[in-house]
Amino acid sequence: MINPMPLYHEMYRQMGPQYWWPADSKMEIVIGAILVQNTNWNNVDMALTNLKDETDLNVTQILGLPIESLQSLIRPSGFYVNKARSLQAVLKWFDQDNCDFVRIADKYGSGLRQTMLKLPGVGEETADSLLVYVFDQPAFIADKYARTLFGYLGFRNLRNYSKLQQRIKLPKSFTYQEAQEFHGLIDEFGKQFLKSRKDFEASFLGGFDKHVLDL
């Protein structure tokens, strides 16, 4: 098992707070989490701007759009046919409870993550992102940057999302605010230093002792 907290504290000390996720509302985070799959944020930003201009990200208005119109609006994010279907399904699920995030969390309890994983287009990373940023619940988001980082630190067999996440042991005191910061820190670090092992070695984590993370 891996105790990631020494890494979190070192990254926070070196980089400071990141204030992630970049969005004006939780519903924008929901929509962005679907659109960002298999693309970069610049493309998502264009798609979100289109949706904002057309619907102000009002769920009722988005669900009222013909599927062809929705596809056209989110086209910059790529894979727009599948993403439009996923977006409709996910927003219908939220709309069943009037997009009341507290009510939804109470309704599903500990089964919230598994319920979201049953929604079209919602995988582990998207589900955990929604847990952390929308439902204010602590979780470790084992995205590609995180897997690359822990790989460079010397941990092996991190081929997919669940391989890393299952090895991470968060303390009971770990908060959703810390989960948001940790995700933001890793992704901002990744943009700067995870393009190659050489970049990583030149970073402030290049000499980090992985053994302090071993449990």
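The residue numbering used here restarts from 1 in each chain and proceeds along that chain's sequence as written. Reporting of local features is limited, given that this is a predicted model, to residues whose pLDDT is at least 70; pairs of side-chain atoms are given and counted only at 80 or more, and all residues count toward the totals for whole chains, interfaces and linings. The basis for every side-chain value is the complete set of non-hydrogen atoms in the structure, without hydrogens or water.

1. Let's talk about the nonpolar core
Throughout this description, the term nonpolar core refers to a set of buried Ala, Val, Leu, Ile, Met, Phe, Trp, Tyr and Cys residues connected via side-chain atoms within 4.5 Å. The cut-offs for exposure are 20% and 50% of the maximum accessible area for each residue type, with area from a 1.4 Å probe on protein chains only; residues under the lower value are buried, those over the upper are exposed, and the others partly exposed. The biggest cluster of nonpolar side chains holds 70 residues, and the ones touching the most others in it are L7, I31, L51, F94, F135, L149 and F150. Sorting elements by how many residues they give to this core places helix α2 (residues 26-35) first, with seven residues. For the domains described, the bounds stem from an automatic or database domain assignment. Here this core spans two domains, and each of domain 1 (4-19 + 140-213) and domain 2 (26-135) adds at least three residues to it. Residue contacts for F135: discarding those within four places in its chain leaves W93, F94, F101, I104, A105, L112, M116 and L130. Working definition: helices are DSSP H or I runs of at least four residues, strands are E runs of at least two. Numbering for both runs from the N terminus. We call two residues in contact whenever any of their non-hydrogen atoms come within 4.5 Å of each other.

2. Quick notes on the pattern of salt bridges
Any carboxyl oxygen of Asp or Glu within 4 Å of a side-chain nitrogen of Lys or Arg constitutes a salt bridge here. Under the defined criterion, the tally for this structure stands at 11 salt bridges. One salt bridge connects D97 with K107, and the closest N-O pair in it is separated by 3.2 Å. With D97 in the loop between α6 (80-95) and α7 (101-108) and K107 in helix α7, the pair connects residues that are 10 residues apart, well separated along the chain. A residue is classified by how much of its surface remains accessible, and K107, at 48% relative accessible area, is partly exposed. Between D214 and K210 there is a salt bridge, with its nearest N and O atoms 3.8 Å apart. Take D214: its relative accessible area is 34%, and that puts it in the partly exposed class. Through salt bridges with shared partners, one network takes in D24, E28 and K52.

3. Things to note about empty space enclosed by the protein
A pocket, in this scheme, is an open set of points on a 1 Å grid over the protein atoms alone with protein on both sides within 12 Å along at least 5 of 7 lines, while a cavity is a set where a 1.4 Å probe fits but cannot get out; residues line either one if an atom lies within 4 Å of a point. Grid points are joined across faces, edges and corners, and a volume is the space filled by probe spheres set on the points. Taken as a whole and assessed by the stated rule, the structure comprises one cavity of 30 Å³ or more. Looking at the largest cavity, the residues that line it are A139, F140, I141, F174, A179, F182, H183 and I186. Its residues assigned to classes, the lining of the largest cavity comprises seven nonpolar, one polar and no charged. Here the term charged refers only to Asp, Glu, Lys and Arg, the term nonpolar to Ala, Val, Leu, Ile, Met, Phe, Trp, Tyr, Cys and Pro, and the term polar to all other amino acids, Gly among them.

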